[in-house]
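Coordinates in review
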Amino acid sequence: MTSTNKIIFNTHLFKGNSIPSIVTSLNYFNEHIENTTINNDINTKNLSLSLVPSYIKLHIKDATIAHKIIAQNNWGYAIHLNSDSTIDTYLQRQFKSKYRSIIRRYVNRLEACFSITYKLYYGDISKDTYEFIFNSLKEMIVNRFKQRNEENKELYKWDILLDETYEKIKNKQASLFVIYDEDKPIEISLNYHFGSMLFSTISSYDINYSKFGLGHVEIYKQVEWCCANNYVLYEMGVGGMDYKRRWSDTIYNFEHHITYSKVSLLSIIKGRTEVFKIKLKENLKAKKINEIIPNLKNKFLKSKQYKEADENITVSAITKTNSTEQFNLNNLKEIAIDTTGYNFLKKYVYDFAYTTTKHVDTIKTYIIEENNYLIMSENQYQKVSKK
């Protein structure tokens, strides 16, 4: 019996799975890849390939195969790099001077305030390091989505992702990019590699460092790596987050490709039915019917976002001082923000570091009295109160 294989093409491709054997080759920009797959598990002639980036052209030589393409109401975001691109030339081409300064400030400020290193694990990683990074990424995602009062769709299949990704990194089909503060990961991106494209698929960061624009720093450093390694595309996938729009010079729509046999009546019926269903679905999406329930849900949830933290913490302005003696520091207890019970102060200490451009090692934190704290550098201070 003829069946239709439904495949999410962009993740299927980038995860290193086989290209359907009826696709003889594909092109993207000036790159051409011949399909060497023979008799794979998806060799049926009835295919329904969703989320095919419009810059990827699929070629089918078999004249008995019907190939229908339907535009999807989904947009993707990517950075197209030339052979002579550097991170500096891309910033110059993509951003006005003010925003270039903002991005460089994020990078410079992060490196001034912490002991920062960057690492891309691509082909060489120990199992212990891999599991430590993956567990850190999961913790970041949980904390970030808890802060946003949202659910993350990746967590339900996390164990599968953990099991399958290690070998992909060893085989250079995937990589993990990590920003370290000393030996602590503070931003992590899981990437897939296909040809000369890098696809940043899952990323998150330590919310205590939110002031430092780690999403921008991640893109900056990964584009820098792509330029150094002659990649033509840094792909960020579907979803129109503001930072993606700002960085992307290649904003494209996705396509849904449907194939079926022209010489089999059953295949034709199934293929044309699938075409009808997808066209109807995309028409409903164009009318935003699919957004009604998610928008109502988000409206309800957003009313609760961040309120708990905002209502419980009061932060004074940062004040300059010529002397620390006014606080009688000898009578105050210095505390470590890594200590249980004081972890909530990390965000405020790191915000203080960002604003004052002080390295965190030069910043001290004290208890003034119960639930009242003092963050202090050599000539500046700030008070934090907790209800």
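Above this text sits the structure in question.
Predicted model only: the values in this text are computed from it and were never measured.

This part is about the pattern of salt bridges. This structure, assessed with the given rule, holds 12 salt bridges. The shortest N-O distance in the salt bridge between E274 and K6 comes to 4.0 Å. With E274 in helix α8 (residues 265–286) and K6 in strand β1 (residues 5–8), this pair connects stretches of sequence that are 268 residues apart. Residue classification places E274 among the buried positions, given a relative accessible area of 7%. On the basis of relative accessible area, K6 is assigned to the exposed category, the value being 55%. A salt bridge links K347 to D351; its shortest N-O distance comes to 2.8 Å. Of the two residues, K347 and D351 both sit in helix α11 (residues 346–356), four residues apart, roughly one turn of that helix. With relative accessibility at 30%, the residue K347 sits in the partly exposed group.

A separate point is the state of the cysteines. If you walk through the whole model with that rule in mind, you get zero disulfides. Here C226 stays unpaired: no disulfide links it, and the sulfur of C227, its closest cysteine neighbor, is 7.0 Å away. Take C226: its relative accessible area is 0%, and that puts it in the buried class. When its relative accessible area of 13% is taken as the criterion, C227 is described as buried.

What the three strands build is an open sheet, ordered β3-β2-β5; its pairing is antiparallel. The open sheet has two free edges, formed respectively by β3 (31–34) and β5 (56–59), since each of these has just one partner strand. Neighbour-to-neighbour, the strand axes of this sheet turn through a mean angle of 15 degrees, independent of strand direction. Of the strand pairs in this sheet, strand β2 (residues 25–28) and β3 are connected by four bridges, and their pairing is antiparallel. Paired with L26 across the two strands is I33, which belongs to β3.

How each quantity is defined
Note that residues are indexed from 1 along each chain, following the sequence as it is written. Under the rules for a predicted model, residues below a pLDDT of 70 receive no local features and side-chain atom pairs below 80 are neither given nor counted, while totals for whole chains, interfaces and linings still include all residues. As a convention, hydrogens and water are excluded, and side-chain values are obtained from all of the structure's heavy atoms. In the sections that follow, a salt bridge refers to a side-chain nitrogen of Lys or Arg positioned within 4 Å of a carboxyl oxygen of Asp or Glu. Labels follow the DSSP assignment, with helices taken as runs of H or I lasting at least four residues and strands as runs of E lasting at least two, numbered in each case from the N terminus. Each residue is placed in one exposure class: buried if its accessible area under a 1.4 Å probe, protein chains only, is under 20% of its type's maximum, exposed if it is over 50%, and partly exposed if it falls in between. Cysteine sulfur pairs qualify as disulfides if the two atoms are within 2.5 Å. Note on pairing: DSSP must find at least two bridges between two strands before they are called paired. As a rule, the C-alpha atoms of each element are fitted with a line to give its axis, helices using only the stretch in contact, and angles between N-to-C directions run from 0 to 180 degrees.

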